[in-house]
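Report on the structure
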Amino acid sequence: DQMTVDDPPIKDLTFLPNTPNPNPEALEHIANADLIVIPPGTLWGSILPILATPGVQEALRYSKAPIAWFCNAVTTPETHKYKTADFAKRLVDYLGRPIDLAFINKLNHTLPDTYAKEAQYPVEDNLKEGKLVTKIFRSSLTHLEYSGGKWVIRHNGEKSIQALLKVISL
């Protein structure tokens, strides 16, 4: 077990007041997908709630499509101290199957000062190929952009797509 977070701020999620029903079209698309891509995003606020939705979880578990995942480049207060293996472990717990292709950002620029002030730091890479992830690809996938009056780090869509296309054509 590669989990390194001793006391994560969030340990699980629950749907209140009711468990949502999945969109039948989404389930159909998952069942017929050639590739499933999990983008970087708010782990506990958007990614895991989608994966935890009954029906979606099962569809992903039994899909024959490979799962490609782009790890977040920086932590947030909800994922404080998470490393790449921590993100992967949470995803695999909810997916119920390993991630086929993991894309890990190799930061090649400085992080704006505003990140440390908001307790956000680069995600440390400790992920190994094995039970959680079948194959790992590491490259520079982010860039800085000016948004909302400050510099922010974002995954570069073009670089990410090129990395994905290169890998799936191997």
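Below: a short report on this structure. Think of each chain on its own: its residues are numbered from 1, step by step along the sequence as written. Local features in a predicted model are, by the rule used here, given only for residues with pLDDT of at least 70; side-chain atom pairs are given and counted only at 80 or more, and totals for whole chains, interfaces and linings are based on all residues. Where side-chain values are given, they derive from all heavy atoms of the structure, hydrogens and water being excluded.

Here we take up the overall build of the protein chain. Helix numbers and strand numbers start at the N terminus; a helix is a DSSP run of H or I with at least 4 residues, a strand a run of E with at least 2. Per the secondary structure count, the protein chain includes 6 helices and 6 strands. The helix and strand sequence of the protein chain, counted from the amino end, reads α-β-α-α-β-α-β-α-β-β-β-α. Computation of the radius of gyration draws on C-alpha atoms alone. For the globule rule, the value is 2.2 Å times the number of residues to the power 0.38. Over its C-alpha trace the protein chain gives a radius of gyration of 16 Å, about what one expects of a compact globule, namely 15 Å for 170 residues. With the C-alpha coordinates aligned to their principal axes, the bounding extent of the protein chain is approximately 45 × 45 × 35 Å. Each residue is assigned to one of three classes by its accessible area relative to the maximum for its type, calculated with a 1.4 Å probe on protein chains only: buried under 20%, partly exposed between the two thresholds, exposed over 50%. The burial tally for the protein chain puts 41% of its 170 residues in the buried class. Contact definition: two residues touch when any of their heavy atoms are within 4.5 Å. Within the protein chain, contacts between residues separated by at least 24 positions form 80% of all contacts whose residues are at least 6 apart in sequence. Only the protein chains shown count as cover for residues, and the accessible areas themselves come from Shrake-Rupley with a 1.4 Å probe. Of the roughly 9,500 Å² of accessible surface on the protein chain, a fraction of 54% belongs to carbon and sulfur atoms. Charged residues are defined here as Lys and Arg on the positive side and Asp and Glu on the negative side; His and the ends of the chain fall outside this count. Think of each charge as sitting on NZ of Lys, CZ of Arg, CG of Asp or CD of Glu. Placing the 18 positive and 19 negative side-chain charges of the protein chain at their respective mean positions leaves the two points 5 Å apart.

Let's shift gears to the pattern of salt bridges. Here, a salt bridge means any Lys or Arg side-chain nitrogen found within 4 Å of an Asp or Glu carboxyl oxygen. One pass over the full model with this rule turns up 6 salt bridges. Lysine 83 is the partner of glutamate 124 in a salt bridge, and the nearest nitrogen-oxygen pair spans 3.5 Å. With glutamate 124 in the loop between α5 (113-117) and β4 (133-139) and lysine 83 in the loop between β2 (67-70) and α4 (84-95), this pair connects stretches of sequence that are 41 residues apart. On the accessibility criterion, glutamate 124 (47% relative accessible area) is partly exposed. The closest approach of N and O atoms between lysine 135 and glutamate 129, which form a salt bridge, is 3.6 Å. For lysine 135, a relative accessible area of 38% corresponds to the partly exposed category.

What follows is about helix α6 (residues 157-168). Here the expected length of a helix is defined as 1.5 Å per residue gap, with one fewer gap than residues. The first and last C-alpha atoms of α6 sit 16 Å apart over 12 residues, in line with the 16 Å expected at 1.5 Å per residue. Residues of α6 that are buried include every one of Ser160, Ala163, Leu164 and Val167, and no others. Each buried residue of α6 sits inside an arc of 95° when the element is viewed along its axis, so together they form one side. Opposite the buried face of α6, by more than 90 degrees, sit the exposed residues Glu158 and Lys166. For α6, the elements touching its buried residues are β1 (36-38), β2, β3 (99-105), β4 and β6 (150-155). Here the arc refers to the set of directions running from the helix axis out to each C-beta atom.

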